[in-house]
Amino acid sequence: MTARTWEAPHKAPRRTGTIDHPLTHDPQKQAPMTTPATEPVRSATPDLSTAGAPALRQNRTRDMQLIPEALARAHMHERQREAEAERQAARLIAARRMQRRAERVSLRARRALAMAVMH
């Protein structure tokens, strides 16, 4: 029989999260968004303080959750615009067809009138 030695529980090294695989999905525990060091001074993006960080993280999470809805809304708007353009094209084609038909009928009537006058 072999003697077992006592081993301390192995502690996993602290991992940092990535965009695709965050360390936590809890917005309260996420790190606040910070301005990169390469950002020029007085740029358009303001520096974020940590005072309202939980609210900013919550808003960022809400905005991320609303992205699919915004994409769906934009997609539906584009589909409606395409459908309206197709309907307008169909109306134009029908109007041209009716115009050609009216011109043929008018020409036939003129010929019939000319034949009636000549006889």
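Note that the structure is predicted; figures quoted are calculated from it, not measured.

### So, a nonpolar patch on the surface
Then step 1. On the surface, a cluster of nonpolar side chains totalling about 310 Å² of accessible area is made up of Met64, Ile67 and Leu71.
Then step 2. When its relative accessible area of 57% is taken as the criterion, Leu71 is described as exposed.

### Focus: a positive patch on the surface
Then step 1. Taken together, the side chains of Arg96, Arg97, Arg100, Arg101, Arg104, Arg108 and Arg111 define a basic patch exposed on the protein surface.
Then step 2. Considering the arrangement of structural elements, one finds Arg96 in helix H1 (residues 53–118).

### Structural notes on the pattern of salt bridges
Then step 1. Enumeration according to the criterion identifies three salt bridges in this entry.
Then step 2. The closest approach of N and O atoms between Glu78 and Arg81, which form a salt bridge, is 2.7 Å. Residue Glu78 and its partner Arg81 are both found in helix H1; the two are separated by three residues, about one turn of the helix.
Then step 3. The exposure class of Arg81 is partly exposed, given its relative accessible area of 47%.
Then step 4. The residue Glu84 makes a salt bridge to Arg87 at a minimum N-O spacing of 2.9 Å. Of the two residues, Glu84 and Arg87 both sit in helix H1, three residues apart, roughly one turn of that helix.
Then step 5. Residue classification places Glu84 among the partly exposed positions, given a relative accessible area of 35%.
Then step 6. Overall, the relative accessible area of 44% leaves Arg87 in the partly exposed class.
Then step 7. Taken together, the shared-partner salt bridges connect Glu84, Arg87 and Arg91 into one network.

What counts, and where the lines are drawn
- As a convention, each chain's residues are numbered from 1 in the sequence order in which they are written.
- Reporting in this predicted model follows two pLDDT cut-offs: at least 70 for local features of residues, and 80 or more for side-chain atom pairs to be given and counted; totals over whole chains, interfaces and linings ignore these cut-offs and use all residues.
- Side-chain metrics rest on all non-hydrogen atoms present in the structure, leaving aside hydrogens and water.
- Only residues whose relative accessible area exceeds 30% and that form no salt bridge enter a patch; like-charged residues are grouped when within 9 Å of one another, and nonpolar side chains (Val, Leu, Ile, Met, Phe, Trp, Tyr) when within 5 Å.
- Computed with a 1.4 Å probe, the accessible areas rest on the Shrake-Rupley method; for each residue, only the protein chains presented here act as cover.
- The rule for a salt bridge is simple: a side-chain nitrogen of Lys or Arg has to be within 4 Å of a carboxyl oxygen of Asp or Glu.
- For every residue, the accessible area obtained with a 1.4 Å probe (protein chains only) is divided by the maximum for its type, and the residue is called buried under 20%, exposed over 50%, and partly exposed between those limits.
- We count Lys and Arg on the positive side and Asp and Glu on the negative side, and we leave His and both chain ends out.
- For the purpose of locating charges, the reference atoms are NZ of Lys, CZ of Arg, CG of Asp and CD of Glu.
- Starting at the N terminus, helices and strands are each numbered in turn, a helix being any DSSP run of H or I of at least four residues and a strand any DSSP run of E of at least two.

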